[in-house]
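Spelled out from the first residue to the last, the chains are:
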Amino acid sequence: MIPGITREAFQSKIDGKQTDLYTLTNSNGMTVAITNYGAAIIAIMVPDKDGNYANVISGHDSIKAIENSSQKFLSTIIGRFGNRIKGGKFYLNGKLYQLPQNEGENTLHGGIKGFNKRVWNALMMNEQTLVLNYTSSYGEEGFTGEVKVTVIYTLTDENELSIEYLAATNKKTIINLTSHGYFSLGGISNPTATIENQICEMNADFYLPVDSECIPTGEILKVDGTPFDFRTPKTIGQDIDADNEQIKNGNGYDHCFVLNKREEGELSFAARITEPVSGRTMDVYTTEPGCQLYSDNWEKDITGPEGATYPRRSAVCLETQHFPDTPNKNYFPSVILRPGEQYKQKTVYKFGVIK
């Protein structure tokens, strides 16, 4: 049982397809609830240092709430392209593509009706594994190629939530998938507490500075001597309001970190969040080259299970991905997928406690 969550509240029909709620459990009693609408994570129940369980991710309490939410990306899967594309434009094979502009003049998280607004086909393989499939049609949200996508959620007995992404296309296209989980390791409540006292570590020597619209400038800068240096763990709030142009551009942290990698595509440590009161920790491992640190910088007028509220800066997002606006910066790691190739990546969120 997850407080404030019922399966019936997620059973509906959208675009003629059935929505539902799927629950993963492991041998330790950890529970993860996922809906096939937007492949969204609804709840993650993990214990604190005293063994008390709480839901540590911001989510909605019904399909109706998701449909009507002003926070449409809340803990969903993002695609076809996570993060921002400047002007909603890019060239591929010499042809200009224009995407819907859903954040000012830019395209954010796949457009107006991205993967977060689609009903995925779902199959429970066992009590610890959920497989979700979605076929993105040619021309959907302005993207070329038909793309078949699979997302596999696995809850291990090591208290790891693994997310694997697979995709194939019938025509050259671009793709950049991620999970937009809003994590609150102190537990969601009314109101959910600030994340500014949580301790963050990022395995990154460099980050991508952004302009006033949060589009990467194209530079790759050292974190050394800046508010973006999380190589030594520090509280998220320590420099979140620093007198710094980049902090002002993001209204806090909304920047992609260039993860330290020994080789391309290796599954390696990206970040760690520690909540000092509950003792909960979350380690992030990924095959992706980047991780967007987002400090939940805007007010959200929504509620969740049992009346939980999510004020500004009550969650932290660690969106593992390729870099924003890569289609317009050809020296960034490529996001091009060709026929006959397989897009494949994996991210693991490992939960624990410190005593």
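Here the structure is shown first, and the text comes after it.
Read on for an overview of the structure. Since the model is a prediction, treat every value here as computed from it, not as a measurement.

Okay, the packing of aromatic side chains next. By the definition in use, this model includes 17 aromatic pairs. Taking 6.3 Å as the distance between ring centres and 90 degrees as the angle between the ring planes, the aromatic pair formed by Y182 and Y294 counts as edge-to-face. Of the two residues, Y182 sits in the loop between β17 (178–179) and β18 (199–202) while Y294 sits in strand β25 (residues 290–294), which places them 112 residues apart along the sequence. Assigned by exposure class, Y182 and Y294 land together as buried. Aromatic pair Y331 and F332: ring centres 5.2 Å apart, planes at 75 degrees, arrangement edge-to-face. With relative accessibility at 51%, the residue Y331 sits in the exposed group. Over the face of the ring belonging to F230 we find K234, whose NZ or CZ atom lies 4.6 Å from the ring centre.

Below, the discussion takes up the sheet that holds strand β26 (residues 317–321). Across the sheet, which stays open at both edges, the 5 strands sit in the order β20-β19-β22-β25-β26 with antiparallel pairing between neighbours. Strands with a single pairing partner mark the edges of an open sheet, and in this sheet they are β20 (221–222) and β26. Relative to strand β22 (residues 254–259), strand β19 (residues 204–207) is paired through 3 bridges, and the arrangement is antiparallel. Its bridge partner lying in β22, A204 is registered against L259.

One ladder, built from 5 bridges, connects strand β3 (residues 21–25) with strand β4 (residues 31–35); its direction is antiparallel. Bridging from a neighbouring strand, Y22 pairs with I34 of β4.

Per the stated rule, a full pass over the model turns up 1 cavity of 30 Å³ or more. The space that makes up the largest cavity amounts to roughly 30 Å³. G79, R80, G110, K113, G114, F115, S136, E140, E141 and F143 are the residues that line the largest cavity. In terms of residue class, the lining of the largest cavity is built from 2 nonpolar, 4 polar and 4 charged.

Strands sit in the order β3-β4-β5-β6 across an open sheet of 4 strands; the sheet is antiparallel. Only two strands of the sheet have a single neighbouring strand rather than two, namely β3 and β6 (53–55). Neighbouring strand axes in the sheet, compared pairwise and without regard to direction, differ in orientation by 15 degrees on average.

For the bond running from G79 to R80, omega is 0 degrees, close enough to zero to count as cis. Within the secondary structure layout, R80 lies in the loop between β7 (77–78) and β8 (84–85). Across the junction of N190 and P191, the peptide omega takes the value -5 degrees, indicating a cis bond. Looking at where P191 falls in the secondary structure, it is placed in the loop between β17 and β18. We note that S75 has phi near 60 degrees; this positive angle belongs to a residue other than glycine. Note on placement: S75 falls in the loop between α1 (63–67) and β7. Positive phi values are uncommon outside glycine, yet N93 reaches one of about 55 degrees.

Criteria and thresholds
- Residues numbered from 1 in each chain as written.
- Predicted model: local features only at pLDDT ≥ 70, side-chain atom pairs only at ≥ 80, totals over all residues.
- Heavy atoms only, no water.
- Phe/Tyr/Trp six-rings, centres within 6.5 Å; stacked < 30°, edge-to-face > 60°.
- Helix = DSSP H or I, 4+ residues; strand = E, 2+ residues; numbered from the N terminus.
- Buried < 20%, exposed > 50% of the residue type's maximum accessible area, 1.4 Å probe, protein only.
- Lys NZ or Arg CZ within 6 Å of the ring centre and 35° of its normal.
- Pairing = 2+ DSSP bridges.
- 1 Å grid on protein atoms, 1.4 Å probe; cavity = no way out; pocket = protein on both sides within 12 Å on 5 of 7 lines; lining within 4 Å.
- Points joined across faces, edges and corners; volume = space filled by probe spheres on them.
- Nonpolar A, V, L, I, M, F, W, Y, C, P; charged D, E, K, R; others polar.
- Axes fitted to C-alpha atoms, helices over the stretch in contact; angles between N-to-C directions.

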